[in-house]
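Working through the structure, step by step
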Amino acid sequence: MNTEILLKQIAAGDNDAFRLFYDRYYLQVYRFASYFVESSLLIEEIVSDVFCIIWQRREKLSQIEYFERYLYTITKNKAFYYLRNEQKISFTELDPLAGIITDDLDPEYLMVDKEFADSLKQAVDELPDRCRIIFLMAREEGLRYKEIADILSISEKTVNAQMVLAIKKLTKRLGNIVHFIL
């Protein structure tokens, strides 16, 4: 079902449509919240709050032009709210190769693949906070620079500069193989 149709049904108070919506966007919201918060319990609270907000504001959903941007913005704001209350910022484990499927079950290949994944994760974790968040939003969530800029309330030039910085630092750390992965 098309998201636009789903949102119109939710706006009309359709619980089944909201359940479909929840199932469709749960992992996306969870993963995005995890870029800001480490605790899985806290992430679950953020996700619950985001979906509660969507339900509470359901009458206005059909008026939102860029819904995914709206969803990411709510998630970011909720994460920052919880971080302010927790008085700390931390980030979760990143599995940078989770989306890559391999048919090669050669143990040596798997070991090298795991070592590279661990190295890439460590290199991403060492990026400055803003740089890491922007990198993850672009590479993991597939957001365009303009969308990232809108969500984080920064300029597109800043997003571009941070991505260039991230790729330079990752290339310096891991070599040119990074360009094939990214």
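Everything discussed here concerns the structure shown above.
Small disclaimer: the values here were computed from a predicted structure and weren't measured.

**So, the side chain of glutamine 28**
Tracing the chain through its elements places glutamine 28 in helix H2 (residues 15-34). For glutamine 28, a relative accessible area of 18% translates into the label buried. Within the structure, glutamine 28 has its side chain in polar contact with the side chain of tyrosine 72 (distance 2.8 Å). Apart from the residues lying within four places of it in its own chain, the contact partners of glutamine 28 are Glu68, Tyr72 and Glu141.

**Remarks on the packing of aromatic side chains**
Per the counting criterion, the structure on display carries 16 aromatic pairs. For the pair phenylalanine 21 and tyrosine 25, a centre-to-centre distance of 4.9 Å together with 40 degrees between the ring planes defines the contact as tilted. Here tyrosine 25 and phenylalanine 21 lie together in helix H2, a separation of 4 residues that amounts to about one turn. One exposure class covers both phenylalanine 21 and tyrosine 25, and it is buried. Seen from their ring centres, phenylalanine 21 and phenylalanine 67 are 5.5 Å apart, and the 70 degrees between their planes marks the pair as edge-to-face. With phenylalanine 21 in helix H2 and phenylalanine 67 in helix H4 (residues 67-86), this residue pair connects regions lying 46 residues apart in the sequence. When its relative accessible area of 7% is taken as the criterion, phenylalanine 67 is described as buried. An aromatic cluster is built from Phe18, Phe21, Tyr22, Tyr25, Tyr26, Tyr30, Phe51, Trp55, Phe67 and Tyr70, whose rings are joined through pairwise contacts.

**Observations concerning the packing of helix H1 (residues 3-11) against H2**
Two elements in contact, H1 and H2, have axes whose closest approach is 8 Å; the angle formed by their N-to-C orientations is 135 degrees. As the angle between them shows, H1 and H2 are arranged oblique. For the crossing formed where H1 meets H2, the hand is left-handed. Along its contact with H1, which presents Thr3, Leu6, Leu7, Gln9 and Ile10, the element H2 presents Ala17, Phe18, Leu20, Phe21, Arg24 and Tyr25. Split into classes, the residues belonging to the contact of H1 with H2 amount to 8 nonpolar, 2 polar and 1 charged.

**So, the pattern of salt bridges**
If you walk through the whole model with that rule in mind, you get 7 salt bridges. The partner of arginine 58 in a salt bridge is glutamate 59, with the nearest N and O atoms 3.8 Å apart. Salt-bridge contacts for lysine 146 lead to aspartate 150; the nearest nitrogen and oxygen are separated by 3.6 Å. On the criterion of helical spacing, the pair formed by lysine 146 and aspartate 150 is a turn pair, its members being 4 residues apart in helix H7 (residues 145-152). On the basis of relative accessibility, which here comes to 30%, the residue aspartate 150 falls in the partly exposed class. When salt bridges with common partners are traced through the structure, they connect Arg69, Lys146 and Asp150 into a single cluster.

Cut-offs used in this document
- Residues numbered from 1 in each chain as written.
- Predicted model: local features only at pLDDT ≥ 70, side-chain atom pairs only at ≥ 80, totals over all residues.
- Heavy atoms only, no water.
- Helix = DSSP H or I, 4+ residues; strand = E, 2+ residues; numbered from the N terminus.
- Buried < 20%, exposed > 50% of the residue type's maximum accessible area, 1.4 Å probe, protein only.
- Polar contact = N/O pair within 3.5 Å; in protein donor to acceptor, adjacent residues only side chain to side chain.
- Contact = heavy atoms within 4.5 Å.
- Phe/Tyr/Trp six-rings, centres within 6.5 Å; stacked < 30°, edge-to-face > 60°.
- Axes fitted to C-alpha atoms, helices over the stretch in contact; angles between N-to-C directions.
- Parallel < 35°, antiparallel > 145°, perpendicular 65-115°, else oblique.
- Left-handed = near helix turned anticlockwise from the far one by under 90°.
- Nonpolar A, V, L, I, M, F, W, Y, C, P; charged D, E, K, R; others polar.
- Salt bridge = Lys/Arg side-chain N within 4 Å of Asp/Glu carboxyl O.

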